[in-house]
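Residue-level structural notes
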Amino acid sequence: MLADLSLGDIVQLRKPHPCGSREWEVVRLGADIGIQCQGCGHRILLERRDLAKRIKTILHRGLNASHSDAPKT
Ligand SMILES: [Zn+2]
């Protein structure tokens, strides 16, 4: 389900952060996924399957959404 998350994606979680924002940007990909709150800038690391349970929807695709390598310009 989240196999295609990319850096820069904006995701909406089911529960809002204490600051009031539900929107988080994907800032790190790996065994754990790092996301940054768009309301207060707080960063957290979540296991991929844990994040999958918390995400409600992907709001916005980041620049690296392409599955092919970025062209060198
Ligand atoms: Zn926040």
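No experiment lies behind these values; they were computed from the predicted model shown.

**Topic: the environment of Trp24**
Take Trp24: it is sitting in strand S2 (residues 23–28). Classification of Trp24 by C-beta neighbours within 10 Å gives buried; the count is 27. With residues near it in sequence (within four places) discarded, Trp24 still touches Val11, Leu13, Ile35, Gln36, Cys37 and Gln38.

**Overview of the confidence of the model for the protein**
In this model, the protein carries an average pLDDT of 87, and 82% of its residues clear a pLDDT of 70 or more. For the protein, the element scoring lowest by mean pLDDT is strand S5 (residues 55–60), at 93; strand S4 (residues 43–47) scores highest, at 97.

**Quick word on the environment of Gln36**
Residue placement: Gln36 occurs in strand S3 (residues 32–37). For Gln36, a count of 17 C-beta atoms within 10 Å corresponds to the partly exposed category. Non-local contacts of Gln36, meaning those with residues more than four positions away in its chain, are made with Trp24, Glu25, Val27, Gly41 and Arg43.

**Details of the pairing of S2**
Pairing between strand S1 (residues 10–13) and S2: three bridges, direction antiparallel. Directly across from Val11, in S2, lies its bridge partner Trp24. Relative to S3, S2 runs antiparallel, the two sharing four bridges. Paired with Trp24 across the strands is Cys37, a residue of S3. The turn joining S2 and S3, which pair antiparallel and follow one another in sequence, is formed by three residues.

Each value, and the rule that gives it
- Residues numbered from 1 in each chain as written.
- Predicted model: local features only at pLDDT ≥ 70, side-chain atom pairs only at ≥ 80, totals over all residues.
- Helix = DSSP H or I, 4+ residues; strand = E, 2+ residues; numbered from the N terminus.
- Buried ≥ 20, exposed ≤ 12 C-beta atoms within 10 Å, placed from the backbone.
- Contact = placed C-beta atoms within 7 Å.
- pLDDT = per-residue confidence, 0-100.
- Pairing = 2+ DSSP bridges.

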